[in-house]
Amino acid sequence: MEEKYISKAVIARLPRYYRYLGNLMDEHVERISSADLSKIMKVTSSQIRQDLNNFGGFGQQGYGYNVKYLYNEIGKILGLDQQYNMIILGAGNLGTALANYQHFANRGWNVIAVFDRDPGKHGGRVREGVEIYSLDDLEKYLDHNRIDIACLAIPASVAQKYATCMIRHGIKAIWNFAHTDLEVPEDVVVENVHLSESLMQLSYRMTHKNKNKDREKD
C-alpha cells in the first residue's frame, strides 16, 4: 500500500509537538485539550486536529489527548524509537560541536566517528568513543560499519564529492550543513541546514519589524 502523502509543513510541526508534550510531561500534565495545546504552541486547535488526523487522530472527544501516549506516538512517527549510527565529515568548530552534543544520543542518533582532512587531528578524539579519522579512510570505514546518517560539516566545494562517495557506499540519509544544494538519487533523503540563510531570515524580520515601528510613529 502506498504511504499517505504528508505535507512538509505538517512534518516541520511534529518536532514542536514532541518538544511541547515533553515539557508537559515534565510538569506532570496527564492530559490536554487541543484548545489548551493551541495556546501553548500558538497554533490553532483546528490545525492541531488536522495535523494529528494525518496519523490517526489520537484524541478522545470530551477528554482531549493523553500527553504521554501522544508524546510516545509522535516519537514513533519521527522514528525516535530506533537507533541510528551517524558519522560527521568535518572536525572544525561546527563538526566538533555537533559531535559533542550529547542530546543526540538521547534521541537515538549515535555519533560514532568523525572524518577530517587535517593530519594533525587524525587519531584524536572529539569525545570518549568518537575518534577522528582521515577522509582518505572514509570508503574503507563505510565498507566495514553500518552507517545510517552522514552529516556534512565540510566546505561546499567538496560536499558533492563526498556525498556522491557515501551514496555509492550505501548512505541513504544526509544532514547537510555545507552551503550548497546536493544532487542525489531519489532514494536518498537530504536535510539541508543553511545557517546563513536562517540568519538572513532573522535579519529580514528584524529589518521589517523596525520599518513597521517607524511607520507607526509617523
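Model, not experiment: these values are computed from the prediction.

Undergrad: Help me understand a nonpolar patch on the surface, please; the structure alone is not making it clear to me.
TA: Judged by side-chain polarity, Leu199, Leu202 and Met206 come together as a nonpolar surface patch covering roughly 300 Å² of accessible area. Along the polypeptide, Leu202 turns up in helix H9 (residues 195-217).

Undergrad: Could you clarify how one ought to interpret the sheet that holds strand S9 (residues 189-192) in this entry?
TA: Within a sheet, adjacent strands bond to each other through the backbone by hydrogen bonds, running parallel or antiparallel. With mixed pairing, the seven strands of this open sheet are ordered in space as S5-S6-S4-S3-S7-S8-S9. Whereas interior strands pair on both sides, the edge strands pair on one side only; in this sheet they are strand S5 (125-127) and S9. Averaged over all adjacent pairs, the angle separating strand axes in this sheet is 25°, with direction ignored. Note that strand S3 (residues 84-89) and strand S4 (residues 109-116) share six bridges and pair parallel. Residue pairing across strands places Ile87 opposite Ala113, the latter belonging to S4. In this fold helix H8 (residues 156-168) packs onto S3, strand S7 (149-152) and strand S8 (173-176), with an angle of close to 170° to the strand it touches most, S7.

Undergrad: Looking at this structure, how should I read the pattern of salt bridges?
TA: As a working rule, side chains carrying opposite charge can pair if their charged atoms are close by. Per the stated rule, a full pass over the model turns up six salt bridges. Between Arg13 and Asp51 there is a salt bridge, and its shortest N-O distance comes to 2.7 Å. Here Arg13 is found in helix H1 (residues 8-26), whereas its partner Asp51 is found in helix H3 (residues 45-53), with 38 residues between them in sequence. Take Asp51: its relative accessible area is 1%, and that puts it in the buried class.

Undergrad: Would you take a moment to explain the packing of aromatic side chains for this structure?
TA: The tally for this structure, following the rule as stated, stands at nine aromatic pairs. Ring centres of Tyr101 and Phe104 lie 4.8 Å apart, and the angle between their planes is 80°; this geometry places the pair in the edge-to-face category. On the basis of relative accessibility, which here comes to 42%, the residue Tyr101 falls in the partly exposed class. Put simply, the rings of Tyr101, Phe104, Trp109, Trp175 and Phe177 pair up and form one aromatic cluster. In this arrangement the basic side chain of Arg19 is found over the ring face of Tyr20, its NZ or CZ atom lying 5.0 Å from the centre.

What counts and how
Residues numbered from 1 in each chain as written. Predicted model: local features only at pLDDT ≥ 70, side-chain atom pairs only at ≥ 80, totals over all residues. Heavy atoms only, no water. Patch = residues over 30% accessible without salt bridge, like charges linked within 9 Å, V, L, I, M, F, W, Y side chains within 5 Å. Areas by Shrake-Rupley, 256 points an atom, 1.4 Å probe, with all protein chains shown as cover. Salt bridge = Lys/Arg side-chain N within 4 Å of Asp/Glu carboxyl O. Helix = DSSP H or I, 4+ residues; strand = E, 2+ residues; numbered from the N terminus. Pairing = 2+ DSSP bridges. Axes fitted to C-alpha atoms, helices over the stretch in contact; angles between N-to-C directions. Contact = heavy atoms within 4.5 Å. Buried < 20%, exposed > 50% of the residue type's maximum accessible area, 1.4 Å probe, protein only. Phe/Tyr/Trp six-rings, centres within 6.5 Å; stacked < 30°, edge-to-face > 60°. Lys NZ or Arg CZ within 6 Å of the ring centre and 35° of its normal.

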